Amino acid sequence: MRRLRQLAERTPAGRERYVDLLRAVAICMVVAGHWGVTVIGRDAAGRPTGHSALGDLPWAYPLTWVGQVLPVFFLVGGFANAASLAANRARGGDATGWLLARSARLVPPTTVLLLVLAAGAGGSYLWGAGEARIRTVVWFATIPLWFLVPYLAAVALTPPMHALHRRFGLAVPVALVGVVALGDVGRLVGPAPLAYGSYLAGWLAVHQAGFAWYDAHAAAGGPRGGGAAGDTRHPLPTSRPAAVALLAGGLGALLLLTVVGPYPVAMLHVPGERLDNASPPSLALLALATAQLGLILLLRGPAERWLRRPGPWQAVIAVNSVVLTAFLWHLTAALLLVGALDALGRLPTPAAGTAAWLAWRVPWLLLLAVVLAGLVAVFGPVEARAGRRRRAGEGARRRPARAGLVVAGYAAVIAGLLVNTVAPKAAPEPLGLPAPALVAYLAGAGLLRGLRSGWGSRG
């Protein structure tokens, strides 16, 4: 508590605390959402299995308009990355040093998760567990990692994309929306490969909007980080009328696209639907993101006043210090709880949507919160230490860096995560992870770690 008070007291007056709150709320909603829709059953052999309840609950599809918060995370990521990059430049740093510092917060906690899962899977294999079963369990535990693929790509592309933003402003996300529209045409009428660009373009469009929001914040008197004068010439309209227009326009477009148009109502994956709005992002998801942006801007004033109070701000700081750890481990917590309850013969398996299933949600969520709290207590310090190293390394003057190696490190990490994401759920993998995925990821993570160590020693 004392450290939280100290961190809160050292918060710069011009910090956009609302961004930190949104990040914490978004990740907490993802965690609670995944837990809440989980259905536990049993296979033919009597072993526990799990799947999403959404396919069994059509009445819940409109609720996904509230539960789909990944656009919020990319929006605040764009804001935070723009602010950090501007501050880094003001302190004499360059884009390569910024990328290395950013990787220090994202990669080490992910590396720990993968190494622990691989070690546990290897031990289970030696114990006699089947390779396909091992892969299924690890596949479930690593579902959160798909999100890191586009987000790490957005981070790696921040320097050039921010340069495009400074020159062309909101024309950049508009062009990216055009790529998404072309991809939707490919998914609806063909050819399907047209949609490949949407996997990155959709999230980058939201990330670019975060750049424009930062410009508006800086132009209104927030800290610019000492960036160039052109940093704030493309601000996002943030007045109340503009926010209402974004909210109403986004909701109107969303209703037209889903109720009248060909897009599913659900903003999360539902097996059997003609089109998945989230993977890759569709125009419907971008309409939802627009509405969310309008709502965020409308709530900003009251939220900022609330966050000036010590208690709420300290709570936001506490959550953000371990937010990635909680996200990475929340499905592992579910696996551990299911395994423990099954071993004790106390694992309920009610059908989705029944009164018993709904009643089980409360104790289920509470028990999962306890398990996750234990995992965060063990692995959270990795993220906290990484965050301190990142802040210490940002902005210092360095010798010329080998930018190509930094890009290679990011590319290998992203490739490893991507290969794991697309690998079959029941593939025979003794370590639970495809060997090429594990090798590529660890090579990239090791390269970035080595570059950060060498980078710091020359500062």
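Residues numbered from 1 in each chain as written. Predicted model: local features only at pLDDT ≥ 70, side-chain atom pairs only at ≥ 80, totals over all residues. Heavy atoms only, no water.

Enquirer: Could you give an account of the overall build of the protein chain, with specific residues and numbers?
Expert: Secondary structure summary: the protein chain contains 17 helices and 2 strands in total. The C-alpha atoms of the protein chain give a radius of gyration of 22 Å, which matches the 23 Å a tight globule of 459 residues would have. Projected onto its principal axes, the C-alpha coordinates of the protein chain cover approximately 65 × 55 × 50 Å. Evaluated residue by residue, the protein chain yields a buried proportion of 49% over its 459 residues. About 20000 Å² of surface is accessible on the protein chain, with carbon and sulfur atoms providing 69% of the total. Between the mean site of the 41 positive side-chain charges and the mean site of the 17 negative ones, the protein chain shows a separation of 10 Å. (Helix = DSSP H or I, 4+ residues; strand = E, 2+ residues; numbered from the N terminus. Rg over C-alpha atoms; globule rule 2.2 N^0.38 Å. Buried < 20%, exposed > 50% of the residue type's maximum accessible area, 1.4 Å probe, protein only. Areas by Shrake-Rupley, 256 points an atom, 1.4 Å probe, with all protein chains shown as cover. Lys, Arg positive; Asp, Glu negative; His and termini not counted. Charge placed at Lys NZ, Arg CZ, Asp CG, Glu CD.)

Enquirer: Any details on unusual backbone geometry? Residues and values, ideally.
Expert: Along the chain, Gly190 connects to Pro191 via a cis peptide bond; the corresponding omega equals -5°. Mapped onto the elements, Pro191 comes out in the loop between helix H9 (171-188) and helix H10 (198-219).

Enquirer: Hey, could you go over the nonpolar core for me, with residue numbers and the actual values?
Expert: Judged by nonpolar contacts, the single largest core of 116 residues is most densely connected at Trp213 and Leu417. Formed by 10 residues, the second largest nonpolar core is a distinct cluster that contains Ala53, Leu54, Ala60 and Ala266. (Core = buried A, V, L, I, M, F, W, Y, C linked by side-chain atoms within 4.5 Å.)

Enquirer: Got a sec to walk through the side chain of Arg23? Specific residues and values, please.
Expert: By the secondary structure assignment, Arg23 is in helix H2 (residues 17-36). We classify Arg23 as buried; its relative accessible area is 17%. There is a polar contact of 3.2 Å between the side chain of Arg23 and the side chain of Asp20. If we ignore the near neighbours within four places in the chain, the residues touching Arg23 are Phe73, Val76, Ala80, Asn320 and Val323. (Polar contact = N/O pair within 3.5 Å; in protein donor to acceptor, adjacent residues only side chain to side chain. Contact = heavy atoms within 4.5 Å.)

Enquirer: Would you mind going over empty space enclosed by the protein in detail, with residue names and values included?
Expert: Within this structure, the stated rule accounts for 3 cavities of 30 Å³ or more. Looking at the largest cavity, its volume works out to about 50 Å³. Forming the boundary of the largest cavity are Leu114, Leu145, Gly416, Leu417, Asn420, Leu433, Ala437, Leu438 and Tyr441. Of all the secondary structure elements, the ones that give two or more residues to the lining of the largest cavity are helix H16 (403-422) and helix H17 (435-457). (1 Å grid on protein atoms, 1.4 Å probe; cavity = no way out; pocket = protein on both sides within 12 Å on 5 of 7 lines; lining within 4 Å. Points joined across faces, edges and corners; volume = space filled by probe spheres on them.)

Enquirer: Could you give an account of the environment of Leu365, naming the residues involved and the relevant values?
Expert: Positionally, Leu365 belongs in helix H15 (residues 355-393). In this structure Leu365 comes out as partly exposed when scored by relative accessible area, which is 29%. Sequence separation between Leu365 and Leu75 is 290 residues; the distance between their C-alpha atoms is 28 Å. Residue contacts for Leu365: discarding those within four places in its chain leaves Ala32, Trp35 and Gly36.

Enquirer: Lay out helix H14 (residues 323-343) with the relevant residues and their values.
Expert: For H14, built from 21 residues, the straight-helix expectation of 30 Å at 1.5 Å per residue is met to within 8% by its first-to-last C-alpha distance of 30 Å. Bending of H14 peaks at approximately 45° at the position of Trp329. Here H14 lies mainly inside the structure; 15 of its 21 residues are buried. Looking at the residues trailing H14, positive phi occurs at Gly345, about 70°. (Expected span 1.5 Å × (residues − 1). Bend = angle between axes of the 7 residues up to and from the residue.)

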